[in-house]
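Chain residues, written in single-letter form:
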Amino acid sequence: MSHSYFCPCPRGLEAALAEELAEIGQGSATLKVHQQVPGGVHCSGTLADAMRINLHSRIASRVLLRMAQAGYANENDIYDLALAQPWEDWFGVGHTIRIDLTAIKSPLRSLEFTTLKIKDAVCDRFRDLCNKRPSVDTRAPDMRIAGFLDAHNFTLYLDTSGEALFKRGWRQETGDAPLRENLAAGLLRVAGWKPGMVLLDPMCGSGTILAEAAQMLAGIPPGARRAFAFEKFKGFERRQWQDIKDSVKPAPLPAEPTLFGSDISGDMIVMTRNNLAQAGIPFEVPLKQIDAREIRPPSQQPGIIVANPPYGERIGVRGDRSVAEDELAAGFYAAFSATLKQRFSGWKVFLFTADLGLPKMLRLKEARKTPFYNGALECRLFRFDMVAGFNRREQAKPKAE
């Protein structure tokens, strides 16, 4: 049986997610990719296809199975639609539930009240059937039900994922502001990185970008080390799920290292090493404790740099609170830019940041800038092409008379 699904993702990664879903669909005759909308991609397929997406998608945040969609005028319409759904076909009264509701331009006054109406409808459905109602668990529910309101329509979804898909199950430690795993994977795809290409993250933090790249390189699916909500669905076919997992084959690894990382903080290097081990990476990723302003190319072959530059201590002198942070950042980026110009000719550099003035601080003209949202925060992925020999041309420029 085919179902309609919605796969949300970080805003800015919709095209990348659609491309990824099409690749996952190459192994299925029933998975179809449909419309991209702000914040996600609509697709359709069997429940086995939802399992495949949950296992393989690095960019989706969840895989939501659409239960119903209808117009509405008030909260009672929403209650009636939720009450009419055959929740008992999907899970039992003994499962705990959680309701999440999002809205864009909805005329309803209270999302909290509307959320309670959906919860009441689900509970009333079970009470009518078996004189019992499921319990609510907002922290670790068995089943998550999602509702979406726009100005005219209400859509109800059953979440097949459980925990958000960016929670891969390997992360043990994080820095101050860790990059979400699905955003890191999306940045790698938008940057054009593919397994076998040389990749350097000179500000690796807790290693999210490196862990995503390393799992891609090794052929380890992002969902290999975690559980999913669909495993608790009624009629869940465990053998089918096992066959989907067993169809995954490890990828051949390069003879020489192609992934490299560094950070000014030794603690971060230890954290990255631990996270790579937890992610099941079967090879060593060379890591070095070094200031990003002092880095050198880790290979003779030009590659790409992908980094999420940090703020505060990790880009400057530790404990120096007398220097204004903007001056500290400007000095760091000027020196980092000089290193890139002098040592990384032929490389492509991708920097993901919420600081839209980054090119000015680097004194470099971006070749491309791609808008993203990290949650509600507007960001950019800036691409800089380190053209071979351009520094020599600058030096050879005749002085003004």
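Reading guide: rules and limits
- Residues numbered from 1 in each chain as written.
- Predicted model: local features only at pLDDT ≥ 70, side-chain atom pairs only at ≥ 80, totals over all residues.
- Heavy atoms only, no water.
- Helix = DSSP H or I, 4+ residues; strand = E, 2+ residues; numbered from the N terminus.
- Buried < 20%, exposed > 50% of the residue type's maximum accessible area, 1.4 Å probe, protein only.
- Contact = heavy atoms within 4.5 Å.
- Axes fitted to C-alpha atoms, helices over the stretch in contact; angles between N-to-C directions.
- Parallel < 35°, antiparallel > 145°, perpendicular 65-115°, else oblique.
- Left-handed = near helix turned anticlockwise from the far one by under 90°.
- Nonpolar A, V, L, I, M, F, W, Y, C, P; charged D, E, K, R; others polar.
- Pairing = 2+ DSSP bridges.
- Salt bridge = Lys/Arg side-chain N within 4 Å of Asp/Glu carboxyl O.
- Expected span 1.5 Å × (residues − 1).
- Phe/Tyr/Trp six-rings, centres within 6.5 Å; stacked < 30°, edge-to-face > 60°.
- Polar contact = N/O pair within 3.5 Å; in protein donor to acceptor, adjacent residues only side chain to side chain.
- Arc of directions from axis to C-beta.
- Disulfide = S-S within 2.5 Å.

Peer 1: Hey, could you go over the overall build of the protein chain for me, with residue numbers and the actual values?
Peer 2: For the protein chain, the helix and strand inventory stands at eleven helices and 14 strands. By principal-axis analysis of the C-alpha atoms, the protein chain measures approximately 90 × 50 × 40 Å. The burial tally for the protein chain puts 50% of its 401 residues in the buried class. Sequence-distant contacts, at least 24 apart, represent 77% of the contacts inside the protein chain between residues at least 6 apart.

Peer 1: Please provide a residue-by-residue account of the packing of helix α2 (residues 47-56) against helix α7 (residues 238-246), values included.
Peer 2: The contact between α2 and α7 brings their axes to 10 Å, and the two run at 45°. The angle between α2 and α7 places the two elements in the oblique class. Seen along the crossing, α2 lies across α7 with a hand that is right-handed. On α7, the residues touching A48, M51, R52 and L55 of α2 are Q240, W241, I244 and K245. Grouping the constituent residues of the contact of α2 with α7 by class yields five nonpolar, one polar and two charged.

Peer 1: Break down the sheet that holds strand β1 (residues 3-8) for me, with residues and values.
Peer 2: Reading across the sheet, the seven strands line up as β2-β3-β1-β4-β7-β6-β5 and stay open at both edges, with mixed pairing between neighbours. With one partner strand each, in any of the chains shown, β2 (32-37) and β5 (97-103) form the two edges of the open sheet. In this sheet, neighbouring strand axes are inclined to one another by 30° on average, regardless of whether the strands run parallel or antiparallel. As defined by bridge partners, strand β4 (residues 64-71) adjoins strand β7 (residues 153-159) across seven bridges and the pair is classed as antiparallel. Note that in β7 the partner of L65 across the bridge is L158.

Peer 1: Tell me about the pattern of salt bridges, and name the residues and values.
Peer 2: If charged atoms from side chains of opposite charge come close, those side chains can pair. Counting across every chain of the model gives 20 salt bridges. Across the salt bridge formed by R238 and E231, the nearest N and O atoms sit 4.0 Å from each other. Residues joined by salt bridges that share partners form a network here, namely E19, E23 and R189.

Peer 1: Residues and numbers for helix α9 (residues 325-343), please.
Peer 2: Its 19 residues give α9 an end-to-end C-alpha distance of 27 Å, which sits within 8% of 27 Å, the value for a rise of 1.5 Å per residue. Turning to α9, its buried residues are L328, A329, F332, Y333, F336, S337, T339, L340 and K341.

Peer 1: Mind laying out the sheet that holds strand β8 (residues 199-201), listing which residues take part and the relevant values?
Peer 2: A sheet is described by the order of its strands in space; here seven strands give the open sequence β10-β9-β8-β11-β12-β14-β13, paired in mixed fashion. The two strands at the open ends of the sheet, each matched to only one other strand, are β10 (287-289) and β13 (368-374). When strand polarity is set aside, the average angle formed by the axes of neighbouring strands in this sheet is 20°. Against the sheet, helix α5 (residues 181-191) touches β8, β11 (304-307), β12 (348-353), β13 and β14 (377-385), its axis set at about 165° to β13. Docked against the sheet, helix α8 (residues 266-278) engages β9 (259-263) and β10, running at close to 165° with respect to β10.

Peer 1: Which residues make up the packing of aromatic side chains, and what are the values?
Peer 2: All told, the structure shown has 13 aromatic pairs when counted by the stated rule. For the ring pair F228 and F230, a centre distance of 5.3 Å and an interplane angle of 5° mean the geometry is stacked. Here F230 falls in the buried class, since its relative accessible area comes to 1%. Taken together through their ring pairs, the aromatic side chains of F228, F230, F236 and W241 make up a single cluster.

Peer 1: For the side chain of D263, give the residues involved together with the corresponding values.
Peer 2: Within the secondary structure layout, D263 lies in strand β9. Within polar-contact distance, the side chain of D263 engages the backbone nitrogen of C204 at 3.4 Å.

Peer 1: Could you give me a rundown of helix α3 (residues 75-83), with the residues and numbers involved?
Peer 2: Buried within α3 are the following residues: E75, I78, Y79, L81 and A82. Viewed end-on, α3 has its buried residues packed into an arc of 165°, placing them on one side of the element. Of the surrounding secondary structure, the elements contacted by the buried residues of α3 are β4, α4 (111-130), β6 (143-149) and β7. Its side-chain oxygen 3.0 Å from the backbone nitrogen of N76, N74 forms the N-cap of α3.

Peer 1: An account of the state of the cysteines is requested, with residue identities and associated values reported.
Peer 2: Scanning the entire structure with this criterion turns up zero disulfides. With no disulfide partner, C7 has as its closest neighbouring cysteine sulfur the one in C43, 4.0 Å distant. In this structure C9 is not part of a disulfide, and its nearest cysteine sulfur, from C7, lies 8.8 Å away. On the basis of relative accessibility, which here comes to 7%, the residue C9 falls in the buried class.

Peer 1: Any details on the environment of D385? Residues and values, ideally.
Peer 2: Mapped onto the elements of the fold, D385 is located in strand β14. The partly exposed category is assigned to D385, whose relative accessible area is 29%. The sequence separation of D385 and L340 amounts to 45 residues, and the corresponding C-alpha distance is 9.8 Å. Apart from residues lying up to four places away in sequence, D385 is in contact with W347, K348 and A367. Within the structure, the side chain of D385 is placed 2.9 Å from the side chain of R383, a separation counted as a polar contact.

Just distances and angles here, no functional claims.
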